[in-house]
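# Structural features, examined
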Amino acid sequence: MRQSATERHEEQLAHLNHIFGLFILYQNDDLGAHKLFLKGERYFKEKLDFSSLGDYEIKKGVLIMNKLRFKEAEKHFIKALWYYEHSREDTFRILAYHKMGQLYLFDNRMKDAVKVYAKALKLAETIMDQHLIYESSLYLGRVMMDVNLLKKAENYLLKAKEIAGALNDSAMIVNFFYI
């Protein structure tokens with residue numbers, strides 16, 4: 001019993017190190033954040049908790065992307081994808097592809113955005129997750145509109161609209177009309 005309480009305590013400390021690291025990164029102390037991240041990552045790597053490692057790479061990538069440091073953020077998203085592939089977390093891989101797509105849009109790398117959104121859509125279709133198929137189709141449609149490929153955009157957007165209607169999800173339908 002004592003060992004499991006100790007292990008829970010260590011896991012909580014690892015999560016806290018990451019949370020404080022994110023807070024410090026947000027305050028522009030990259031070195032301090034890195035030190036805290038290393039402390040937290042040590043525990044998760046030892047436990048082979050690839051899912052938690054992926055989650056924190058996504059969070060770091062988003063914070064760094066918001067600081068417009070796109071190349072650095074991309075490295076974190078790629079690392080997160082690696083962790084999710086090893087944890088077999090397909091849903092999280094799709095969400096990581098969506099974040100990478102956002103990064104590529106912000107960085108005006110439309111071809112890369114199309115590639116990762118297409119990967120997300122293919123994976124969502126493989127696991128047959130209608131909500132993620134909807135989101136991936138919607139993102140692809142939006143990118144296709146941005147690059148003036150209107151027929152392709154229409155196809156993806158119609159696919160998203162059909163899924164929203166079939167699921168009778170009012171939030172999805174409303175979201176669709178605000179693209």
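Our subject is the structure that appears above.
Here goes a summary of the coordinates provided. Counting from 1, residues in each chain are numbered in the order their sequence is written. Given that this is a predicted model, residues contribute local features only at a pLDDT of at least 70 and side-chain atom pairs are listed and counted only at 80 or more, while totals for whole chains, interfaces and linings are drawn from all residues. Excluding hydrogens and water, the side-chain values take into account all heavy atoms of the structure.

Here the focus is the overall build of the protein chain. The helix and strand tally for the protein chain stands at 9 helices and 0 strands. In the protein chain, the succession of helices and strands from N to C terminus is α-α-α-α-α-α-α-α-α. Expressed as lengths along the three principal axes of its C-alpha atoms, the size of the protein chain is roughly 60 × 35 × 25 Å. A simple rule labels every residue: compare its accessible area, found with a 1.4 Å probe on the protein chains alone, to the largest value its type can have, and call it buried under 20%, exposed over 50%, or partly exposed in between. Taking all 179 residues of the protein chain together, 40% fall into the buried category. Whether two residues are in contact is decided by their heavy atoms, any of which lying within 4.5 Å being enough. Considering only residue pairs separated by 6 or more positions, the protein chain has 51% of its internal contacts joining residues 24 or more positions apart. Every accessible area reported is derived by Shrake-Rupley at a probe size of 1.4 Å, with residue values counting cover from the shown protein chains alone. Accessible surface, the protein chain: about 10,700 Å² in total, of which carbon and sulfur atoms supply 56%. Within this scheme the basic residues Lys and Arg register as positive and the acidic residues Asp and Glu register as negative, but His and the chain ends are omitted. Note that the charge is assigned to NZ on lysines, CZ on arginines, CG on aspartates and CD on glutamates. Computing the positive centroid from 27 side-chain charges and the negative centroid from 24, the protein chain places the two 4 Å apart. To qualify as a helix, a DSSP run of H or I must reach at least 4 residues; to qualify as a strand, a run of E must reach at least 2; elements of each kind are numbered from the N terminus.

Our focus in this paragraph is the nonpolar core. By size, the foremost hydrophobic cluster in this structure holds 46 residues, and its most contacted members are F77 and L103. Secondary structure elements with two or more residues in this core: helix 1 (2-26), helix 2 (30-46), helix 3 (50-66), helix 4 (70-87), helix 5 (90-106), helix 6 (110-127), helix 7 (130-146) and helix 8 (150-167). Leaving out residues up to four positions away in the same chain, F77 has contacts with I58, G61, V62, M65, K99, M100 and L103. Residues belong to a common nonpolar core when they are buried Ala, Val, Leu, Ile, Met, Phe, Trp, Tyr or Cys residues joined through side-chain atoms within 4.5 Å.

This part covers helix 8. Under the convention used throughout, the expected extent of a helix is 1.5 Å for every residue step, that is, one less than its residue count. Taking 1.5 Å per residue, 18 residues should reach 26 Å; helix 8 reaches 25 Å between its end C-alpha atoms and fits that length. Looking one or two places after helix 8, you find N168, whose phi comes out positive at around 50 degrees.

Looking now at the packing of helix 3 against helix 5. It is the contact of helix 3 with helix 5, at a shortest axis distance of 11 Å, that shows an interaxial angle of 15 degrees. Classified by the interaxial angle, the pair formed by helix 3 and helix 5 is roughly parallel. When you trace helix 3 past helix 5, the crossing you get is left-handed. In contact with S51, I58, V62 and M65 of helix 3, helix 5 contributes F92, A96, K99, Q102, L103 and F106. Each residue gets one label: Ala, Val, Leu, Ile, Met, Phe, Trp, Tyr, Cys and Pro are nonpolar, Asp, Glu, Lys and Arg are charged, and the others, such as Gly, are polar. By residue class, the composition of the contact of helix 3 with helix 5 is 7 nonpolar, 2 polar and 1 charged. An axis is simply a line fitted to the C-alpha atoms; with a helix, the fit covers only the stretch in contact. Between two such axes, the angle follows the N-to-C directions and lies from 0 to 180 degrees. Angle categories are assigned with fixed cut-offs, so that under 35 degrees is roughly parallel, over 145 is roughly antiparallel, 65 to 115 is roughly perpendicular, and the rest are oblique. Should the near helix be turned anticlockwise from the far one by less than a right angle, the crossing is left-handed, and should it be turned clockwise, the crossing is right-handed.

We now examine the layout of surface pockets. Considered as a void within the structure, the largest pocket measures approximately 220 Å³ in volume. Every definition here rests on a 1 Å grid over the protein atoms only: cavities are sets of points where a 1.4 Å probe fits but cannot get out, pockets are open sets enclosed by protein on both sides within 12 Å along at least five of seven lines, and lining residues have some atom within 4 Å of a point. Taken together, 15 residues make up the lining of the largest pocket; nearest its centre are H34, F37, K60, E72 and H76. For the lining of the largest pocket, the secondary-structure elements that each account for two or more residues are helix 2, helix 3 and helix 4. Sort the elements by how many residues they give to the lining of the largest pocket and helix 2 lands first, with 6 residues. Class assignment for the residues of the lining of the largest pocket results in 5 nonpolar, 2 polar and 8 charged. Grid points are joined across faces, edges and corners, and a volume is the space filled by probe spheres set on the points.

Okay, the packing of aromatic side chains next. What counts as a ring pair is set by centres within 6.5 Å for rings of Phe, Tyr and Trp (its six-membered ring), and what kind of pair is set by the plane angle: stacked under 30 degrees, edge-to-face over 60, tilted for all other angles. The tally for this structure, following the rule as stated, stands at 7 aromatic pairs. An aromatic cluster is built from Y43, F44 and Y56, whose rings are joined through pairwise contacts. In our convention, an over-ring charge means Lys NZ or Arg CZ found within 6 Å of a ring centre and within 35 degrees of that ring's normal. Above the ring of F37, the side-chain terminus of K60 is found at 4.4 Å from the ring centroid.

Moving on, we get to the side chain of S137. With respect to the secondary-structure elements, S137 resides in helix 7. Relative accessible area serves as the criterion here: at 0%, S137 is assigned to the buried category. Apart from residues no more than four positions distant in its own chain, S137 is found in contact with L121, Y156, K159 and A160.

Once that is clear, we can look at a nonpolar patch on the surface. Patches here are clusters of residues that have more than 30% relative accessible area and form no salt bridge, with a 9 Å joining cutoff for like charges and a 5 Å cutoff for nonpolar side chains (Val, Leu, Ile, Met, Phe, Trp, Tyr). Here, a salt bridge means any Lys or Arg side-chain nitrogen found within 4 Å of an Asp or Glu carboxyl oxygen. The grouping of L13, L16, I19 and F20 at the surface amounts to a nonpolar patch, some 360 Å² of accessible area in total. Looking at the element boundaries, F20 is found in helix 1.

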